[in-house]
Amino acid sequence: MRYVTVASCGSCLPSHVLSNHDLERFLETTHEWIHSRTGINERRIAGANEDNLHLSLEASRDALRGSSLRGEDIDLTIVATTTCDRMVPALACSVQRELGTRGPAFDINAACSGFTYAVVVALHLMRGGIASRALVVGTETLTRIIDWTDRSTCVLFGDGAGAVILEPCDRGEGILSYSLGAWGEGDKLIFAEGGGARMMASLSGNLDGREESMATYLPFLSHAWNDRYPYLQMDGREVYKFAVRKLCETVEDLCRQAAVNLGEVRLIVPHQANYRIIQAAAQRLGIPLECFHLNLDRFANTSAASIPIALEEAVRWGKISPGDLVILVGFGAGLTWGGILIRWTGCK
Ligand code: ACO
């Protein structure tokens, strides 16, 4: 069996900062409410030209700079995202075009678990001999699909991208175990109707009064979203309970599979959804909060991008050394969850 490790990490965060105090100016909310319920102080908002392609490329270039590799050395490109710039084609193909990577390129949507799913898919394509080195990106512009008048969701999210390069390593190092899952019964707990083929944007162009006759022959036109609600919706309380439970179960499963004690794990890099979720999970697992790397106070929930952004930061801050055991763990819409346990081999 081939072993695979994280050889390099990169990230890109938009420069525009939106603080809780800024939100107070146009929303019925307070810094105190947001901070005490979530731990978030501020988030980054992608500017008009900072689409997912831009964020992905910057994060990927950062990861490439940290390795001695160039685009053509990579023969698999996977992008995890919930907010792809376009329905067709996959963002990963545009990333490939710009970076000159080779081999298969495709996107994965498993919401906030997407990055862990993408790493596991890459691992198996590498183990199967389909690829020798992979670029895995998590990127989101979630602030484009939320309703900025809905205080229950819009305060929670931010934009950004993170990337890793995976390459072969020695036996017993790199990824030692993984755990992926989904509970489809929960598909109504976090969702956004807009942007998919079921609810299109609406008719556009010069229709010259033909709307009615077109709607007779194209019945799906009545589903245009101009009179529906296309934005992200979430049952926060249900997701909260699920998140705490699945985070703990996934961490325990990873340790069991790799036959290591949780106490031996140096750092857990969780999906950055809510400080209270991590606090409750730490308590339930019986480990100090310091075992988790958190940056949600500054970047909020960036869904599929949150784990690679936090991982890059933890590495840059010197919180992980070669030989350390590191866990990446995510949970989110679907409902989905995913985790990876890595014996760190050193990286930028
Ligand atoms: N400012 C002020 N008040 C608010 C705000 C706000 N921004 N938002 C909601 N409130 C009010 C509500 O209206 C409600 O008022 P009421 O009691 O008068 O009805 C009250 O605050 C409590 O609202 P709840 O929604 O019950 O608040 P809760 O304590 O559950 O916190 C939160 C909400 C932060 C969303 C929490 O449930 C949570 O973090 N859930 C998990 C989210 C998550 O992990 N998502 C991950 C996946 S996301 C993805 O996959 C894209």
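In what follows, the structure referred to is the one given above.
This text gives an overview of the structure that appears in the document.

Rules and cut-offs
Residues numbered from 1 in each chain as written. Predicted model: local features only at pLDDT ≥ 70, side-chain atom pairs only at ≥ 80, totals over all residues. Heavy atoms only, no water. Phe/Tyr/Trp six-rings, centres within 6.5 Å; stacked < 30°, edge-to-face > 60°. Helix = DSSP H or I, 4+ residues; strand = E, 2+ residues; numbered from the N terminus. Pairing = 2+ DSSP bridges. Axes fitted to C-alpha atoms, helices over the stretch in contact; angles between N-to-C directions. Contact = heavy atoms within 4.5 Å. Buried < 20%, exposed > 50% of the residue type's maximum accessible area, 1.4 Å probe, protein only.

Here we take up the packing of aromatic side chains. Tallying each qualifying case throughout the model produces 3 aromatic pairs. Consider the rings of Phe26 and Trp148, whose centres lie 6.4 Å apart with planes at 55°: the pair is tilted. Residue Phe26 is located in the loop between α1 (20–24) and α2 (31–38), and its partner Trp148 is located in the loop between β6 (134–141) and α6 (151–154); the two are separated by 122 residues in the primary sequence.

Below, the discussion takes up the sheet that holds strand β11 (residues 265–270). The strand order β8-β13-β12-β11 describes an open sheet built from 4 strands, whose pairing is mixed. Unpaired on one side and paired on the other, β8 (174–182) and β11 mark the two borders of the sheet. Across this sheet, the average inter-strand angle for adjacent strands is 15°, counted without regard to direction. Bridging between β11 and strand β12 (residues 325–332) involves 5 bridges; their strand directions are parallel. Its bridge partner lying in β12, Ile268 is registered against Ile327. Across the sheet, helix α5 (residues 114–127) touches β8, β12 and β13 (336–343), and the angle it forms with β8 is around 125°. The strands touched by helix α11 (residues 306–316) within the sheet are β11 and β12, with β11 carrying the most contacts at an inclination of about 140°.

With that settled, consider the pairing of β13. Of all 8 residues in β13, 7 are buried, a share of seventy percent or more. Pairing analysis gives 8 bridges linking β8 to β13, with the strands arranged antiparallel. Its bridge partner lying in β13, Gly174 is registered against Arg343. As paired strands, β12 and β13 are joined by 8 bridges and run antiparallel to one another. Each bridged residue has a counterpart across the sheet, and for Val326 the counterpart in β13 is Ile342. Counting the residues in the hairpin turn of β12 and β13 gives 3 residues, including Gly334, whose phi is positive at 140°.

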